[in-house]
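In case you want the letters, here they are:
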Amino acid sequence: MKHNEVKPCLALSTYIHSFWELKGDDSDHQWERIFPDGCPGIIINLGGSCKTDNGLATMDHGKTYVVGAMTSFKDSFIDSNTHLMGVCLKPAMFSSFYNYAPQNELTDHTVEFDLAHSFDVDKINNDPHVYLNRYFLDRKRNIIQSLQPVLNDIHTSKGMLSISEMAKNNFITVRQLERIFKAHIGLTPKEYVKIIRFQSAFSMMSDISPKKSLSDIAFECGFYDHAHLTNEIKQHTGLTPSQF
C-alpha cells in the first residue's frame, strides 16, 4: 500500500491539512484502521469499489464522498484495486466551501456527494494537485470566526481545558458553544476535547525516545489515571495500549 500526502497551496493552508492519495498493491487484502482527529474529509474513488465505515458503506468508482468527523475508529478494506484520493479539511472548515448539511448529520458517516459537489474524474486524473487547489480556491468563503479562538484554546491546552472555561474565555455561553460545534464540526465540545487529548496521548505513546510510562502519559495529558487513559484509547482505536 502506498500513501502520499501533499500540502495545499498557501492560500488554502488555513482551511486544508493536506491532499492525500492511497493505492493498494498486490500484497494488500486487509482492513486498514484510522483513528478520529476531529476533521472532516472529501474522498473520490478512482479504483475499484471500496468498503468503509467498518463495512457498512461502499465507495464506488468515480464517485465523490464526504466523510464526517469521527467519534471512534473506522476500518476500510484495502486490496490491489484500491485507489482513493482525498482532502483532509481542518476542523470547522467544511462550511467554508460547501452549503450542504450541518456537520452533526454527517458525523461517523461516509455520504455520496451530489454531482454539483463532486470532483471531476478526468481533471483529477490529469493533474490532481493543480485541480484540487483550483477547485477549493474557487469555492473558498469566510471562516467561522467565532470558533477559531476556541479551537486555538483547545489545541494550545492539548484538550486540558474545561468547556465552561472555554466559553468564559471567549465570551460565549456553553449552550451557544455546543450549538456551533455541532453545526460546524459535527461533535460536541466535550467529544472534540476528548479527541484532541487522545491524539496528544497517542503521539506520546508513539514517540519511542524517550519512552514514557502509561501513568506518566496519563498524568501529562490530564487523565485521572492510566486506567482512564486505557479506556479512552480503546474507545477511539478499538485497541488497548499494549496492542500498539
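Here the structure is a predicted model, which means the values were calculated and not measured. For every chain, the first residue of the written sequence is number 1, and numbering continues from 1 onward in sequence order. Local features are withheld for residues below a pLDDT of 70 in this predicted model, meaning they are given only at 70 or higher, and side-chain atom pairs are given and counted only at 80 or more; totals for whole chains, interfaces and linings count all residues. Working from all heavy atoms in the structure, the side-chain values ignore hydrogens and water.

A. View of the side chain of His117. Here His117 is to be found in the loop between strand S10 (110-112) and helix H1 (121-126). Every residue pair with non-hydrogen atoms within 4.5 Å of one another is taken to be in contact. Apart from residues no more than four positions distant in its own chain, His117 is found in contact with Tyr98, Tyr100 and Tyr135. A helix here means a DSSP run of H or I that spans at least four residues, while a strand means a run of E at least two residues long, and both kinds are numbered starting from the N terminus.

B. Structural detail: unusual backbone geometry. Phi at Ala92 is positive, roughly 70°, even though this residue is not glycine. As for its placement among the helices and strands, Ala92 is situated in the loop between strand S9 (83-89) and S10. Between buried and exposed lies partly exposed: a residue is buried under 20% and exposed over 50% of the maximum accessible area for its type, with that area taken using a 1.4 Å probe on protein chains only. Owing to a relative accessible area of 1%, Ala92 belongs among the buried residues under this scheme. For Lys158, which is not glycine, the phi dihedral falls at a positive 55°. Position of Lys158 relative to the elements: it lies in the loop between helix H3 (148-156) and helix H4 (163-169).

C. View of the sheet that holds S10. At least two bridges found by DSSP between two strands are what make those strands a pair. Strand order across the open sheet formed by six strands is S1-S2-S9-S4-S7-S10, with antiparallel pairing between neighbours. Of all strands in the sheet, those with a lone pairing partner are strand S1 (2-6) and S10, marking the two edges. Strand after strand, the sheet turns through a mean of 20° between neighbouring axes, direction not considered. Across five bridges, the pairing between S1 and strand S2 (residues 16-23) is antiparallel. If you follow Asn4 over to S2, its bridge partner there is Glu21. An axis is simply a line fitted to the C-alpha atoms; with a helix, the fit covers only the stretch in contact. Between two such axes, the angle follows the N-to-C directions and lies from 0 to 180 degrees.

D. Geometry of the pairing of S2. Bridging between S2 and S9 involves seven bridges; their strand directions are antiparallel. In the sheet register, Glu21 faces S9, and the bridge partner there is Met85.

E. The layout of surface pockets, seen in detail. Of the volumes computed, that of the largest pocket is approximately 1,100 Å³. Of all elements in the fold, only S1, S2, strand S3 (29-34), strand S4 (41-45), strand S8 (74-79), S9, H3 and helix H6 (189-206) reach the threshold of two or more residues within the lining of the largest pocket. Residue polarity follows a fixed list, in which Ala, Val, Leu, Ile, Met, Phe, Trp, Tyr, Cys and Pro are nonpolar, Asp, Glu, Lys and Arg are charged, and the others, Gly among them, are polar. Class assignment for the residues of the lining of the largest pocket results in 22 nonpolar, 13 polar and six charged. The method works on a 1 Å grid over the protein atoms by themselves. A cavity is a set of points holding a 1.4 Å probe that cannot get out, a pocket is an open set with protein on both sides within 12 Å along at least five of seven lines, and residues with an atom within 4 Å of a point line them. Grid points are joined across faces, edges and corners, and a volume is the space filled by probe spheres set on the points. Roughly 230 Å³ of volume is contained in the second largest pocket. Of all the secondary-structure elements, those providing two or more residues to the lining of the second largest pocket are H6 and helix H8 (226-237). At four residues, H6 tops the list of elements feeding residues into the lining of the second largest pocket. Residues belonging to the lining of the second largest pocket are distributed by class as follows: five nonpolar, four polar and four charged.

F. Inspection of the packing of aromatic side chains at higher detail. Stacked, edge-to-face and tilted labels apply to pairs of Phe, Tyr and Trp rings (six-membered ring for Trp) whose centres lie within 6.5 Å, assigned for plane angles under 30 degrees, over 60, and everything in between, in that order. Under the definition given, this model contains 18 aromatic pairs. With centroids separated by 6.3 Å and ring planes inclined at 65°, the aromatic side chains of Phe94 and Tyr100 adopt a geometry described as edge-to-face. Among the aromatic residues, ring-to-ring pairing joins Tyr15, Phe19, Phe97, Phe119, Tyr131, Tyr135 and Phe136 into one connected group. The ring of Tyr135 has Arg139 sitting right over it, with the charged end atom 3.7 Å from the ring centre. A ring has a charge above it when a Lys NZ or an Arg CZ is no more than 6 Å from the ring centre and no more than 35 degrees off the ring normal. The lysine or arginine in question, Arg197, covers the ring of Phe223, its NZ or CZ lying 4.6 Å from the ring centre.

G. Main features of the environment of Lys190. Examined against the element boundaries, Lys190 turns out to sit in helix H6. With relative accessibility at 58%, the residue Lys190 sits in the exposed group. For the pair formed by Lys190 and Ser162, sequence separation is 28 residues and the distance between their alpha carbons is 8.4 Å.

H. Spotlight on the environment of Asn125. Note on placement: Asn125 falls in helix H1. In this structure, the C-alpha to C-alpha distance between Asn125 and Leu46, residues 79 residues apart in sequence, is 8.3 Å.

I. Seen up close, H6. Over its 18 residues, H6 extends 26 Å from the first C-alpha to the last, a length consistent with the 26 Å expected when each residue adds 1.5 Å. Within H6, the full set of buried residues consists of Pro189, Tyr192, Val193, Ile195, Ile196, Arg197, Phe198, Ser200, Ala201, Phe202, Met204 and Met205. Buried-residue contacts for H6 involve H3, H4, helix H5 (174-184), helix H7 (214-220) and H8. By this rule, a helix spans an expected 1.5 Å times one less than how many residues it contains.

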